[in-house]
Amino acid sequence: MNQIELIRALPKAELHVHIEGTFEPELMFAIAQRNQIQIPYQSVEEVKQAYNFHNLQSFLDIYYAGANVLVHEQDFYDLAWAYFEKCAEDHVVHTEMFFDPQTHTERGVEFATVLAGLKRACTDAKEKLGISSQLIMCFLRHLSEEKAFETLEQALPFKDDIIAIGLDSSEVGHPPAKFERVFAKAREAGFLIVAHAGEEGPPAYIWEALDLLKVNRIDHGVRSEEDEGLMTRLIAEKMPLTVCPLSNLKLCVVNDMADHNIRRLLQKGVHVTVNSDDPSYFGGYMNDNFVAIQQALDLNNDELKQLAINSFEASFISDEEKQKWIAEVKQI
Ligand SMILES: [Zn+2]
């Protein structure tokens, strides 16, 4: 089996995907029309042309504009269902999806509406596609601590539907320390914790995520390599990094995929995983990310299998489920 065939055959878990970032232009147009909401683009082509980002902020501006068309429970269902169909194509058997309630509640959409649409898609994905899933609610870090506290309050009645709390959006200038208190409250309430850190932000943000937020996983974390002490700690604690190669390329975290450090991190013993982040915007879903790094970095079959195993080990499924999927990876 060559590497590309192996990538397709491997069962995989996705641990870093923003459901709003899976919004394909075609669906965005269809929902905009259905809801009679104007978007600042004339055609699907025009939207795609706008996806020429030079950093995280230029992407976020378009991302929030697209999310504006999501209003009804069915809109959130359709969004998530389209993503699950992509998972099925790529043999992603388990996914832990981020959602950003503040992107919607700030526009007057009810928290319960967002969650109901996503939950219904998760239930259908299990029944019809055999894909398991969890939801991770993220705070938008460019907004205030107070807003994050309000959002946590809104989430508490839905505690059983949300596995973890995360932190996303514009990283630089919004360190994890800003949210130390609200994450302490989230931990007390029984949520697991993840946070974006070390994508554009410095290694110091990763230390903060570990020490102040007490994360179970780091999202991105590719800049950890700049700090030897941090690398030692990540390896010792087997702290997972949810790495997103095509996102890093598209947002100029790396200038060339051949310069990406995921293989080096893997070889050094860091618990890295492969993920798509905002696949509609960054040019590819799970297998596209695997293929891109395989081709640029010449990953061998053992390394590809290790990445798939890491994805299950780093996931929030039960040990029994982890062992089942890891055994399946090893059999291929
Ligand atoms: Zn992300």
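Residues numbered from 1 in each chain as written. Predicted model: local features only at pLDDT ≥ 70, side-chain atom pairs only at ≥ 80, totals over all residues. Heavy atoms only, no water.

Taking an unreviewed UniProt entry as the reference, the protein chain is identified by name as Adenine deaminase belonging to Acinetobacter gyllenbergii CIP 110306 = MTCC 11365. Per UniProt, the protein chain carries the Sequence similarities (unreviewed entry) text "Belongs to the metallo-dependent hydrolases superfamily. Adenosine and AMP deaminases family. Adenine deaminase type 2 subfamily." (UniProt positions renumbered as here; feature names shortened; annotations may be inferred.)

## Observations regarding the overall build of the protein chain
Assigned secondary structure in the protein chain consists of 17 helices and 8 strands. Principal-axis analysis of the C-alpha atoms gives the protein chain an extent of 50 × 45 × 40 Å. Counting all 332 residues of the protein chain, 56% fall into the buried class. Once local pairs closer than 6 in sequence are excluded, the contacts in the protein chain between residues at least 24 apart make up 76%. (Helix = DSSP H or I, 4+ residues; strand = E, 2+ residues; numbered from the N terminus. Buried < 20%, exposed > 50% of the residue type's maximum accessible area, 1.4 Å probe, protein only. Contact = heavy atoms within 4.5 Å.)

## Let's talk about the sheet that holds strand 1 (residues 12–18)
In space, the 8 strands of this open sheet follow the order 1-2-3-4-5-6-7-8, with parallel pairing throughout. Unpaired on one side and paired on the other, strand 1 and strand 8 (271–274) mark the two borders of the sheet. For this sheet, the mean angle separating the axes of adjacent strands, direction not counted, is 25 degrees. Bridge count for strand 7 (residues 240–243) against strand 8 is 4 bridges, and the pairing is parallel. Across the sheet, the residue bridging to V243 is V274, located in strand 8. Helix 7 (residues 111–129) rests against strand 2 (92–99) and strand 3 (132–140) of the sheet, and its axis sits at about 155 degrees to strand 3. Across the sheet, helix 8 (residues 145–155) lies against strand 3 and strand 4 (164–168), angled at about 150 degrees from strand 3, the strand it touches most. (Pairing = 2+ DSSP bridges. Axes fitted to C-alpha atoms, helices over the stretch in contact; angles between N-to-C directions.)

## Thoughts on the coordination of the zinc ion
For a metal with four tetrahedral donors the ideal donor-metal-donor angle is 109.5 degrees, while six octahedral donors give ideal angles of 90 or 180 degrees. In this structure, H16 (NE2), H18 (NE2), H196 (NE2) and D277 (OD) serve as the protein donors to the zinc ion, at separations of 2.1 to 2.2 Å. Bound by 4 donor atoms, the zinc ion shows angles of 83 to 173 degrees at the metal and therefore irregular coordination geometry. Mapping the donors of the zinc ion onto the primary sequence gives the spacing H-x1-H-x177-H-x80-D. Highlighted residues: H196 in strand 5 (residues 192–197) and D277 in the loop between strand 8 and helix 14 (279–282), separated in sequence by 81 residues. Judged on exposure class, the residue H196 and its partner D277 are both buried. (Donors = N, O, S within 2.8 Å, 3.2 Å for Na, K, Ca; no water. Tetrahedral: all angles 85-135°; square planar, octahedral: opposite > 155°, others 65-115°.)

## Description of the pairing of strand 6 (residues 217–220)
Both strand 5 and strand 6 contribute to a ladder of 4 bridges, which runs parallel. Residue pairing for strand 6: A197 is matched across the bridge by H220. Between strand 5 and its parallel partner strand 6, the chain crosses via helix 10 (residues 203–213), and the hand of that crossover is right-handed. Here strand 6 pairs with strand 7 via 2 bridges, running parallel. Looking at the pairing, I218 lines up with L241 of strand 7. (Right-handed = clockwise from strand over helix to strand, strands pointing away.)

## A few points about the packing of helix 10 against helix 11 (residues 228–237)
Contact geometry of helix 10 with helix 11 gives a least axis separation of 10 Å together with a crossing angle of 35 degrees. The element helix 10 and its partner helix 11 pack so that their crossing is left-handed. The segment helix 10 lies against helix 11, with P203, I206, W207, L210 and D211 engaging G229, L230, R233 and L234. (Left-handed = near helix turned anticlockwise from the far one by under 90°.)

## Let's talk about helix 7
In this model helix 7 runs 26 Å from its N-terminal to its C-terminal C-alpha over 19 residues, within 8% of the 27 Å that 1.5 Å per residue would give. Every buried residue of helix 7 is accounted for by F111, V114, L115, G117, L118, A121, C122, D124 and A125. For helix 7, the secondary structure elements touched by its buried residues are helix 5 (73–90), strand 2, helix 6 (101–105), strand 3 and helix 8. One or two steps after helix 7, the chain reaches G130, where phi turns positive at roughly 70 degrees. (Expected span 1.5 Å × (residues − 1).)

## Concerning the environment of L249
Within the secondary structure, L249 is located in helix 12 (residues 245–250). Residue classification places L249 among the partly exposed positions, given a relative accessible area of 29%. Residues L249 and H260, spaced 11 residues apart in sequence, show a C-alpha to C-alpha distance of 8.4 Å.

## Digging into helix 11
Of all the residues in helix 11, the buried ones are L230, M231, R233 and L234. Axial view of helix 11: buried residues confined to an arc of 165 degrees, hence all on one face. The exposed residues of helix 11 that point more than 90 degrees off its buried face are E228, T232 and A236. At its buried positions, helix 11 is contacted by helix 10, strand 7 and helix 13 (262–268). For helix 11, the side-chain oxygen to backbone nitrogen distance between the N-cap and G229 is 3.1 Å, and the N-cap itself is D227. Positive phi appears at K238, one or two residues downstream of helix 11, with a value of about 50 degrees. (Arc of directions from axis to C-beta. Polar contact = N/O pair within 3.5 Å; in protein donor to acceptor, adjacent residues only side chain to side chain.)

## As for the packing of aromatic side chains
Under the counting rule described, the total for this entry stands at 11 aromatic pairs. Ring geometry for F59 and Y281: centres 5.3 Å apart, planes at 70 degrees, overall edge-to-face. Note that F59 is positioned in helix 4 (residues 56–67) and Y281 in helix 14, a separation of 222 residues in sequence. Given the relative accessible area of 2%, F59 is considered buried. (Phe/Tyr/Trp six-rings, centres within 6.5 Å; stacked < 30°, edge-to-face > 60°.)

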